[in-house]
Amino acid sequence: MVFSKLFRRTAAPAPRIADGHIVYAIGDIHGRLDCLEDLLARIDADPGRGDRRVTLVFLGDLIDRGPDSRGVVERVMALCAASDDVHCLFGNHEELLLEAAEGARQALGIFNRAGGRETLLSYGVDDATYEREDLKGVQRLIREHVPADHLTFLRSLPDKIVIGDYVMVHAGLRPGVALEDQKASDLRWIRAPFLDHGGRFERFVIHGHTVTDEPDVRANRIGIDTGAYRTGRLTALVLEGDSRRYLTTACPEGSGISVD
């Protein structure tokens, strides 16, 4: 009996957001405009919305791998411009594109292997042109074909957003480090030791970056990158008060490019 009372007294309450508010956190899109449009339609038709304030949060990695990175960036830019309740986070693939545009050799090499070709094809580069370029040529193609306002938009994206008891980031947090002291590189790239950590963080973490077949639900975090670029499943985590549910697309499977 004493133990039972102690457990009830010390157990963490369920994380929640304010009443009258509903949040849709959307996982890694990776150029799958078809999945994004499907998910936005599901959100618009969601009977749970009611008359509550609606917030959309894109967790980053809009680009690479899938066939229409340009279309995804344009769609998300328009949504952000239309409402202060639409937010997009900075993913590691956005970082690769921006660093590659500045000529960083390591970023160019990773961009070239991690779906950057598909991104540039979506911006009008033809396949033969891309294939004959060296890394310096890839930088030139980025500068010539990706509109400056797209690069400016991506450069402006934040690394995290706090809503209620939740913190939303692209990749995760480093355990034992205060939220305000987290390094941007960890917020965009971390896996271990974040994924292996079983203890509490300052706030409950919602993230993408690491692909799992279904939402990865843990006591301290939820990962919602369900690999839309290859599976056709783009997931939104729906937060209402202290409850959670999911909306997921069922688009055609993609190419299966797997480099992170």
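In the block above lies the structure referred to throughout.
This text gives an overview of the structure that appears in the document. Every value quoted in this text rests on a predicted model; they were computed, and no experiment measured them.

1. Observations concerning the layout of surface pockets
Okay, step 1: Here the largest pocket defines a volume of roughly 330 Å³.
Okay, step 2: For the largest pocket, the lining is made up of 15 residues, of which Ala12, Pro13, Arg200, Phe204 and Ala219 are closest to its centre.
Okay, step 3: The residue inventory of the lining of the largest pocket, partitioned by class, reads seven nonpolar, three polar and five charged.

2. Structural notes on the packing of aromatic side chains
Okay, step 1: Under the defined criterion, the tally for this structure stands at two aromatic pairs.
Okay, step 2: With a centroid separation of 5.7 Å and 75° between ring planes, the pair formed by tyrosine 166 and phenylalanine 204 is classed as edge-to-face. With tyrosine 166 in strand 5 (residues 166–169) and phenylalanine 204 in strand 6 (residues 204–211), this residue pair connects regions lying 38 residues apart in the sequence. Neither tyrosine 166 nor phenylalanine 204 differs from the other in exposure class; each is buried.
Okay, step 3: Ring geometry for phenylalanine 194 and phenylalanine 201: centres 5.5 Å apart, planes at 45°, overall tilted. In this pair, the class of phenylalanine 194 matches that of phenylalanine 201, namely buried.
Okay, step 4: The residue whose ring lies beneath arginine 65 is tyrosine 229, and the NZ or CZ to ring-centre distance is 4.3 Å.
Okay, step 5: When the ring centre of phenylalanine 194 is taken as reference, the NZ or CZ atom of arginine 221 above it lies at 5.5 Å.

Criteria and thresholds
Residues numbered from 1 in each chain as written. Predicted model: local features only at pLDDT ≥ 70, side-chain atom pairs only at ≥ 80, totals over all residues. Heavy atoms only, no water. 1 Å grid on protein atoms, 1.4 Å probe; cavity = no way out; pocket = protein on both sides within 12 Å on 5 of 7 lines; lining within 4 Å. Points joined across faces, edges and corners; volume = space filled by probe spheres on them. Nonpolar A, V, L, I, M, F, W, Y, C, P; charged D, E, K, R; others polar. Phe/Tyr/Trp six-rings, centres within 6.5 Å; stacked < 30°, edge-to-face > 60°. Helix = DSSP H or I, 4+ residues; strand = E, 2+ residues; numbered from the N terminus. Buried < 20%, exposed > 50% of the residue type's maximum accessible area, 1.4 Å probe, protein only. Lys NZ or Arg CZ within 6 Å of the ring centre and 35° of its normal.

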